Amino acid sequence: MACEVGSDASRELQSVRILNLSTGGLKFRCGMQVINSILPEDQRTPGQILDVDLDIAFDLPPVDDAPTLPVRARARVIHSERLAQDEFHVGVQFMDLERSLSGAIESYINVLLEQE
């Protein structure tokens, strides 16, 4: 699923791909350019990241008869992992996700699980 992320240091949103999603947060895949944009220079070594908050924006696909739902939230970076020279996985925890959005994400996940 496509997603955009941005940090306080760089308000420009960067495109990433969501790898997994839960009501508590998400993990996304990105390249070095995004890492350099969203993380302070002293925290670019993969591992635990401290006090880095991001703006997250993605569209939750329609569930049943519901329309596509735009999700906009703040999230805290919990960890990052370098998989290759230009491939990273970054895990974030939602900080201010509205209850209605959390419910919509849960419904979306349940529909996907039923399809398996």
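Residues numbered from 1 in each chain as written. Predicted model: local features only at pLDDT ≥ 70, side-chain atom pairs only at ≥ 80, totals over all residues. Heavy atoms only, no water.

**Some details on the overall build of the protein**
Heads up, the rule is: To qualify as a helix, a DSSP run of H or I must reach at least 4 residues; to qualify as a strand, a run of E must reach at least 2; elements of each kind are numbered from the N terminus. With the radius of gyration taken over C-alpha atoms, the globule rule is written as 2.2 Å times the number of residues to the power 0.38. Buried, partly exposed and exposed residues are distinguished by accessible area as a fraction of the type maximum, computed with a 1.4 Å probe on protein chains only: under 20%, between the cut-offs, and over 50%, respectively. In this description, contact between two residues means that some pair of their heavy atoms is separated by no more than 4.5 Å. Only the protein chains shown count as covering a residue, and every accessible area follows the Shrake-Rupley method with a 1.4 Å probe.
Within the protein, the regular secondary structure consists of two helices and seven strands. Taken from N to C terminus, the helices and strands of the protein fall in the order β-β-β-α-β-β-β-β-α. Expected size for 116 residues packed as a compact globule is a radius of gyration near 13 Å; at 14 Å, the protein falls within 12% of this value. Reported as C-alpha extents along the three principal axes, the dimensions of the protein are approximately 45 × 25 × 20 Å. Expressed as a percentage of its 116 residues, the buried residues of the protein come to 39%. In the protein, of all internal contacts separated by at least 6 residues, the share reaching a separation of at least 24 is 51%. As presented, the protein carries roughly 6800 Å² of accessible surface, and 45% of it is formed by carbon and sulfur atoms.

**Here's the deal with the pairing of strand S6 (residues 69-84)**
Using the following cut-off: Here the rule is simple: two strands pair whenever DSSP picks up at least two bridges between them.
Across eight bridges, strand S5 (residues 53-60) lies against S6 in antiparallel orientation. Along S6, the bridge assignment pairs Phe58 with Val71. In this structure, the hairpin formed by S6 and strand S7 (residues 87-94) is closed by a connection of two residues.

**Quick word on the nonpolar core**
This is how it is decided: Joining through side-chain atoms within 4.5 Å is the link that ties buried Ala, Val, Leu, Ile, Met, Phe, Trp, Tyr and Cys residues into a set, and such a set is a nonpolar core.
By size, the foremost hydrophobic cluster in this structure holds 32 residues, and its most contacted members are Phe28 and Phe58. Looking at this core, the elements with two or more residues in it are strand S1 (2-7), strand S2 (14-21), strand S3 (25-30), helix H1 (32-38), S5, S6, S7 and helix H2 (99-115). If we skip the residues at most four places from it in the chain, Phe28 touches Val5, Val16, Arg17, Ile18, Leu19, Ile38, Leu54, Phe88, His89, Val90 and Val92.

**Let's talk about the pairing of S3**
As judged from the four bridges shared by S2 and S3, these two strands associate in the antiparallel manner. Paired with Leu21 across the strands is Leu26, a residue of S3. What sits between S2 and S3 in their antiparallel hairpin is a turn of three residues. As judged from the six bridges shared by S3 and S7, these two strands associate in the antiparallel manner.

**Focus on the side chain of Ser37**
Tracing the sequence through the fold places Ser37 in helix H1. With residues up to four places along the chain from it excluded, the contact list for Ser37 reads Ser7, Ser10 and Gln14.

**So, the confidence of the model for the protein**
Which entries qualify depends on this criterion: Confidence of the predictor in every single residue is expressed as pLDDT, which spans 0 to 100.
Residue-level pLDDT values for the protein average 90, and 99% of them are 70 or greater. Taken element by element, the predicted model of the protein shows its lowest mean pLDDT in strand S4 (residues 47-48) (70) and its highest in S3 (97).

**Quick notes on the environment of Cys30**
Checked against the element boundaries, Cys30 lands in strand S3. The class of Cys30 is buried, set by a relative accessible area of 6%. In this structure, the C-alpha to C-alpha distance between Cys30 and Glu87, residues 57 residues apart in sequence, is 5.8 Å.

**What to know about the pattern of salt bridges**
Note the threshold: Within this document, salt bridges are pairs made up of a side-chain nitrogen of Lys or Arg and a carboxyl oxygen of Asp or Glu, the two lying within 4 Å of each other.
All told, the structure shown has four salt bridges when counted by the stated rule. As a salt-bridge pair, Arg76 and Asp53 come within 2.7 Å of each other at their nearest N and O atoms. Here Asp53 lies in strand S5 and Arg76 lies in strand S6, a separation of 23 residues in the sequence. Look at Arg76 and you get partly exposed, because its relative accessible area is 33%. A salt bridge links Arg74 to Asp55, with the shortest nitrogen-to-oxygen separation between them at 2.9 Å. Separated by 19 residues along the polypeptide, Arg74 in strand S6 and Asp55 in strand S5 bring together distant segments of the chain. According to the relative accessible area criterion, Arg74 is buried, its value standing at 18%.

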